[in-house]
Every structure is written in C-alpha cells, then in structure tokens.
Amino acid sequence: MLDSIYIILRDHLLIPAIVILALFFTRPLINKYLRKNETYSQLGNWIILYAFLIFFLSYYQNSTWLFYPFISFGSVGINLNLLIVSFLIITMAFHISKVFTKQFLPGVYSRYQLDRGIQFTFNRLFHYVIMIIAIFMTASVVGIQLSALTVFAGVLGVGVGFGLQNITSNFISGIILLFERPIKIGDRVIVEDIIGDVEQINMRATIIRSVNNEHIIVPNSYFLEEHVINRSFGSPFMRLVAPVGVSYDSDPDKVKELLLQVAYDEAKENPAVLLEPKPYIHFVGFGDSSLDFEIFVWVSDPRDLIKVKTNINFKIFRIFKENNIEIPYPQQDLHLRSVDKDLLKKQFSKSEN
C-alpha cells in the first residue's frame, strides 16, 4: 500500500509539485518586470498560468484520464484535454490582441498620423479578427465541423427572432459606427441635453463621459435612429454666442467697441479663441428693459466652450463696470388708467385716521 502511494507521488505528483513551486517563486519577478508597462500589468499571472497548463498537458499526455470524455455532444466527446486547449486558445488570443493594440499598433498609428477615432476602429477590427480566428481554431480542435455551424446559425436566427433583436441591432450598429464614423472616439456630443465625450464604442453600447465626469452607456442603435448633435463632426471649430443687455442710456457704438475689446483680449489669453473668422458683435434689438447684444467668437475646440464663455462674461462685467455701463434689471411699468372713487375715499379716510 505504502509502496503504491510512493510510486504515485514519485511518478505523477513530484515533478508537477516542483514545477508549481518554481513558477510560484518566478511569478513576482515576471510581474515586477512587466508592470513597468501598464499594458502588461496583469499579464505576468497569465503567463505563469499558461506555462503550468502547457506543462500539465505535455506531462500527462499519455494519461487516459486526461482524454476520457465526461460529456458527449453527438459524435464529439468533451474531455479535460479539450477544455484546457480551448481555454488556452481563447484566452491567449485575447491577450495577444490586447498586447498588439496597446504596444505595437500605436507606433504604426503615430507614423501615419492617424486620428484617435481611426485608431480605435482598427483596434476593434483587429481584436474581432483575432477572436474569430481563435473561435474557429477552438472548434477545429474540439472536432466540431464548420458545416455543423449552419445548425447553430439556424438556432441563432430563431433566437434573434424571439428575443435577441435588440442585441443584434446594437452589434450591427456598432459595426456601422466604426466604419461610417458619424461619431468617433474623442467627439464632443450632445445626447438628450447631456454634453459629453465619446470614450468607447463597444459591441453593444457606446460609453460617453459627460462634462460632470459621469459615464453614460448609450445603445449603439441610438446614434443611428435618434437625433444626436456631434460638435466635432467635420470641422471642430464652433461659434460661441455670449448674450448681454445694457440700459437704454448706453451708447451702442461704445458698447460694440468694448465688447470687441473683450473678444480680442480673450483671444490673446486663450489660444482656443480664433481671430479668423473675426469676432462679431450682433445688435439683437430693443428689449423690454435693455438693448440686447451678442458676441460671436469662434473656438477651435468644443471642449473649451464653457471655459471661454465664462471668461468672456467676467470680462464683460469688469469692463462695463469700469466704463459705467449699466446692465439693467428686468423691469415693468404699471399704468393705472381708472380707479374706483369709493375705493380712493376709503383709502384716504384710513390714512387720515
């Protein structure tokens, strides 16, 4: 009895135990080296796991229990060897895709000066291609004939008809967004009065980060079916409108001169404010209690609109105060055309008493 246990430990468990210990002590060194680059922060643990699984498969390749089918699907028997190999192929393909898109492809993008949106599109396409190849390789290793996938496609079609329309629509919409690019990574968009920047276009949904640093998850189909404002589409230049009202005692020509000075002063301090097209002062008209003006300035980046408008408003208030130009309060005049005489008599009698 003891001899048989010793033989099992010596022939089947001793060397794997030594390998596990060696990998365990090697793991911190690998992680320390790879974590110098953020891309590889978790790759060290996966490398150790892959090394152990490959050793495990090669060491026990002659063992019958490794190939014993515990589940059967028709003529295909699922055993532990197939599961481990499938796991290796799928996960290794995922990490290879991640390493290439984070480490090697950025050098190509910078060489050809591709914008952020095109980079994201190529990264997604590369990832999808790698994962599709991995899935087909896994199917081939397991023993599933590609012709059998027609049955799966039929079942999937029925599933789409009954409950997967939304998921399929969003997936196809995501592909269209990546190719047609009505929106792209980094665009400043307005979705239901929420202003934000597009951060990711995933398989099912697009991630938008609002100006309040809130992340909004929007289904991909929304961008093809609903009204969406893309401030960065085409030219990123945008016209900023800053309204202001002055009292009727003010000189409109003087107001125009001061507002133009505000626009040019802001352009000197902030390179996002453009001087071509030139700033323009629009005399809107005669309001109920003020002469209404608007400053038109062009901004090179939509992300700077709020900052520029705030600075302009501060400058307007300061320069108007220095030049004694009043920004009036809203006011209304009440004219009494007729009053009841009896009511006036009662009021006078009360005041006399």
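Residues numbered from 1 in each chain as written. Predicted model: local features only at pLDDT ≥ 70, side-chain atom pairs only at ≥ 80, totals over all residues. Heavy atoms only, no water.

Description of the nonpolar core
Then, in step 1: Core analysis: the largest hydrophobic core is formed by 26 residues, its most contacted members being Leu259, Phe293, Ile295, Ile312, Ile316 and Phe320.
Then, in step 2: Excluding anything up to four places from it in sequence, Ile312 contacts Leu240, Ala242, Val262, Glu266, Ile295 and Val297.
Then, in step 3: In terms of nonpolar packing, the next biggest core, distinct from the first, is built from 15 residues, Phe120, Tyr128, Ile201 and Phe223 among them. (Core = buried A, V, L, I, M, F, W, Y, C linked by side-chain atoms within 4.5 Å. Buried < 20%, exposed > 50% of the residue type's maximum accessible area, 1.4 Å probe, protein only. Contact = heavy atoms within 4.5 Å.)

Quick notes on the pattern of salt bridges
Then, in step 1: In this structure the tally under the stated criterion is 7 salt bridges.
Then, in step 2: Where Arg209 meets Glu199, a salt bridge forms, and the shortest distance between an N and an O atom there is 2.7 Å. Here Arg209, found in strand S5 (residues 205-210), pairs with Glu199, found in strand S4 (residues 194-201); they are 10 residues apart in sequence, far enough to count as distant.
Then, in step 3: Arg209 sits in the partly exposed class, given a relative accessible area of 32%.
Then, in step 4: Linked through salt bridges whose partners overlap, the residues forming this network are Arg188, Asp197, Asp301 and Arg303. (Salt bridge = Lys/Arg side-chain N within 4 Å of Asp/Glu carboxyl O. Helix = DSSP H or I, 4+ residues; strand = E, 2+ residues; numbered from the N terminus.)

Observations concerning unusual backbone geometry
Then, in step 1: A cis geometry characterises the amide bond from Glu276 onward to Pro277, with omega recorded as 5°.
Then, in step 2: Positionally, Pro277 belongs in the loop between strand S9 (273-274) and strand S10 (280-286).
Then, in step 3: Of note, the phi angle at Arg181 is positive, near 60°, even though the residue is not glycine.
Then, in step 4: Checked against the element boundaries, Arg181 lands in the loop between helix H5 (149-180) and strand S3 (188-191).
Then, in step 5: Despite not being glycine, Asn213 shows a phi value in the positive range, around 65°.
Then, in step 6: By the secondary structure assignment, Asn213 is in the loop between S5 and strand S6 (215-219).

As for helix H2 (residues 43-59)
Then, in step 1: With 17 residues, H2 should reach 24 Å at 1.5 Å per residue; the first-to-last C-alpha distance of 24 Å fits that figure.
Then, in step 2: For H2, every residue scored as buried is listed here: Leu43, Gly44, Ile48, Tyr50, Leu53, Phe55, Phe56 and Leu57. (Expected span 1.5 Å × (residues − 1).)

Focus: a nonpolar patch on the surface
Then, in step 1: Taken together, the side chains of Trp65, Tyr68, Phe70, Ile71, Leu80 and Leu83 present a nonpolar region at the surface, about 610 Å² in accessible area.
Then, in step 2: Relative to the helices and strands, Phe70 is located in the loop between H2 and strand S1 (71-73). (Patch = residues over 30% accessible without salt bridge, like charges linked within 9 Å, V, L, I, M, F, W, Y side chains within 5 Å. Areas by Shrake-Rupley, 256 points an atom, 1.4 Å probe, with all protein chains shown as cover.)

What to know about the side chain of Thr101
Then, in step 1: Among the structural elements, Thr101 can be located in helix H3 (residues 80-112).
Then, in step 2: For Thr101, a relative accessible area of 11% corresponds to the buried category.
Then, in step 3: A polar atom in the side chain of Thr101 sits 3.1 Å from the backbone oxygen of Lys98. (Polar contact = N/O pair within 3.5 Å; in protein donor to acceptor, adjacent residues only side chain to side chain.)

Description of the environment of Ile319
Then, in step 1: You can see Ile319 is positioned in helix H8 (residues 305-322).
Then, in step 2: When the C-alpha atoms of Ile319 and Leu258 are compared, they prove to be 7.2 Å apart, with 61 residues separating the residues in sequence.
Then, in step 3: With sequence-adjacent residues up to four places away left out, Ile319 is seen in contact with Leu258, Gln261 and Val262.

Overview of the packing of aromatic side chains
Then, in step 1: Applying the stated criterion to the full structure yields 10 aromatic pairs.
Then, in step 2: Here the aromatic cluster, defined as three or more aromatic residues joined through ring pairs, consists of Trp46, Tyr50 and Phe87.
Then, in step 3: In this structure, Arg239 packs its charged tip against the face of Phe296, placed 4.2 Å from the ring centre. (Phe/Tyr/Trp six-rings, centres within 6.5 Å; stacked < 30°, edge-to-face > 60°. Lys NZ or Arg CZ within 6 Å of the ring centre and 35° of its normal.)

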